[in-house]
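The chain contents come next:
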Amino acid sequence: MTKDVFSLLHLFFSSDDTYRLDLTGTEANLTVAKQAVELAMARLKRGDLQAAERLLKHAVALDPGSPGASTALAALLEEQGRLSAAIDVLTGTARLGHAGVAMLVQLGRLSRSLGDLPAAGHWLERARLAVPDDPAVRIELAALAIECDRPGQVEELLGNLTAVDSRVLAARAQWMSSTGRFAEAEQCLREQLAANPHDAGAFHALSMLPTVTLTARDEDSLHAILRDGSSRRASTHALLALARRAERDGHYESAFRLFSEAKRRQREGLRPQREAHRAMFERHATWQEPEVLEALEPVALSSAKPIWVIGMPRSGTTLVEQMLDAHPQIRGLGEVEYVRVLVEAVEEASGMPFPAGIGTTATSAARAAASVYLSRLSQRAPGASWVIDKLPHNFLRAGILHALCPSGIFVHCRRDAVANCWSVFTHEFADSHDYATDLGALGEYHRLYETLLRKWRDTLGDRLVEVDLETVVRSPREALSPVLSAAGLDWHHGCALPHANPRPVLTPSAVAVRQQVGRSDAAKHLPYLPWLGALTSALGRP
């Protein structure tokens, strides 16, 4: 037997798994690798991510050219937010010449997420050469074209297909909505539904458009989706669409029940990790010892300086970023996650969850990764003095960003807590935002966020500019002039006209941003107050 087989046996032969390694032909690495993948899948079903990861790493080591093992390992790493590690795994297989189209698309998507746009283009063009009209390739190339400010290319990629499928129609509808062309977005979604009348995702997207009121026939189709025992996500989409229809009709009690049932469906198999959230906030609040801050020497800026727009989701971050982007000296990038480069480098160097370990083994890694991160931001903003990194949850990383880049500015978007939490509750977020599926957990999460922001006010001082959503809507110049002043810039009239900004908006706030300032959903929670006891109690409100 090989050493790798003995390692597998040592780790798992005595476990209580119903799967066992078949010792017949164990001299063949390919056989053992395949069995390791099967055992890893069993471990994943049981939620044992560490064991699954170890098994998949063994499988990749035994058979480096196996797309199955490397793809499974990369998917597991991506789910944990370890995008750089996932890219390394897939790149190893691709360099051996075993990358199929799906792997090339995955490499392109992950590279784009981390801001490595040249690498993303390399992998996706390879995929396009193999299958020019593949919908997945076209959609990912369109996403890259959006980040590279090539709207004409987006139109070509999503419009010139010999056979358009539902995925392309959905992507095209999102593109139309992101640029304010709601009638064209509705047309794409109706084409989706003509092909598949039970497409819950299309109904959900329709319900988000300001120009659309779902019909009685639409409602019948949504109820049919629910009766058919659809998937968790399809059920969630159908219920959210029905809830918005009830809300527009003024039936708030029915809408509340539908929103709550949608979140209950989404919560199935999740369970909000309240203790984990408290531990996470504690880590981010307590790591900053003076000697650690001194060790994190500032990183030289390559070009534009960053403006970090932070806050709870649904607090106005998209609107504020779109308004600031209208200034000729400021460049907004949309919602990007380039900061993951920094987070992952610290975790890899320290072996601990971010930001623990910065003060021991990760300071040099943090500085190196920060250089990459700031460089990728600057590359997206040629000619601009400032570049906006708008990611709401960067409020968790304000400490390390402050230490590494003291020339940047933090713009904290605030909103009434009840209004903010209710808006979060009525929108779909990824499963990683499990707190958003339960009103009590959501209220607790908001209180943790408020506590952390009190610390950042003390730490950041005048580098933190706070902006209230209600003031932004009522008086843009009053709200945003302090931000521009902190950046050494004068007021620009375009900052008050976010609906006129042609740049696409790809967050759920696209609809609100495309309406003239002065209209707001700040009071949309008020009709629901009779049923929000769990939320107000968790927030500490009377």
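Fair warning: this is a prediction, and the values are worked out from it, not measured in the lab. (Residues numbered from 1 in each chain as written. Predicted model: local features only at pLDDT ≥ 70, side-chain atom pairs only at ≥ 80, totals over all residues. Heavy atoms only, no water.)

Draft legend 1. Inspection of helix α14 (residues 232-248) at higher detail. Its 17 residues give α14 an end-to-end C-alpha distance of 25 Å, which sits within 8% of 24 Å, the value for a rise of 1.5 Å per residue. Of all 17 residues that make up α14, 13 are buried, and the element is covered over most of its length. Downstream of α14 by one or two residues, G250 has phi in the positive range, about 80 degrees. (Helix = DSSP H or I, 4+ residues; strand = E, 2+ residues; numbered from the N terminus. Expected span 1.5 Å × (residues − 1). Buried < 20%, exposed > 50% of the residue type's maximum accessible area, 1.4 Å probe, protein only.)

Draft legend 2. Local environment of the state of the cysteines. All told, the structure shown has 0 disulfides when counted by the stated rule. You can see C405 has no disulfide; the closest cysteine sulfur is in C413, sitting 19 Å from it. C405 sits in the buried class, given a relative accessible area of 2%. You can see C413 has no disulfide; the closest cysteine sulfur is in C495, sitting 14 Å from it. (Disulfide = S-S within 2.5 Å.)

Draft legend 3. View of the sheet that holds strand β5 (residues 464-468). Here we have 5 strands laid out as an open sheet, ordered β2-β3-β1-β4-β5, and parallel in their pairing. Where the open sheet ends on each side, the last strands, each with one partner, are β2 (330-332) and β5. Within this sheet the neighbouring strands show an average axis-to-axis angle of 25 degrees, counted without direction. Running over the sheet, helix α23 (residues 439-460) touches β4 (409-414) and β5 and is turned about 150 degrees from β4. Against the sheet, helix α25 (residues 476-486) touches β2, β4 and β5, its axis set at about 165 degrees to β5. (Pairing = 2+ DSSP bridges. Axes fitted to C-alpha atoms, helices over the stretch in contact; angles between N-to-C directions. Contact = heavy atoms within 4.5 Å.)

Draft legend 4. Geometry of the pattern of salt bridges. The final tally for this structure, using the stated rule, is 36 salt bridges. Between K524 and E247 there is a salt bridge, with its nearest N and O atoms 3.4 Å apart. Linking K524 in the loop between α26 (510-513) and α27 (533-539) with E247 in helix α14, this pair joins segments that are 277 residues apart in sequence. Overall, E247 belongs to the buried group, its relative accessible area being 14%. As a salt-bridge pair, E261 and R264 come within 2.7 Å of each other at their nearest N and O atoms. Taken together, the residues span about one helical turn, with E261 and R264 both in helix α15 (residues 252-267) at a distance of 3 residues. On the accessibility criterion, E261 (23% relative accessible area) is partly exposed. (Salt bridge = Lys/Arg side-chain N within 4 Å of Asp/Glu carboxyl O.)

Draft legend 5. Structural context of the environment of E140. In this structure, E140 sits in helix α8 (residues 135-147). A residue is classified by how much of its surface remains accessible, and E140, at 7% relative accessible area, is buried. In the structure, E140 is positioned 220 residues away from T360 in sequence and 39 Å away in space, judged by C-alpha atoms. With residues near it in sequence (within four places) discarded, E140 still touches V105, G108, R109, R112 and L124. Among the polar contacts made by the side chain of E140, one reaches the side chain of R112 at a distance of 2.6 Å. (Polar contact = N/O pair within 3.5 Å; in protein donor to acceptor, adjacent residues only side chain to side chain.)

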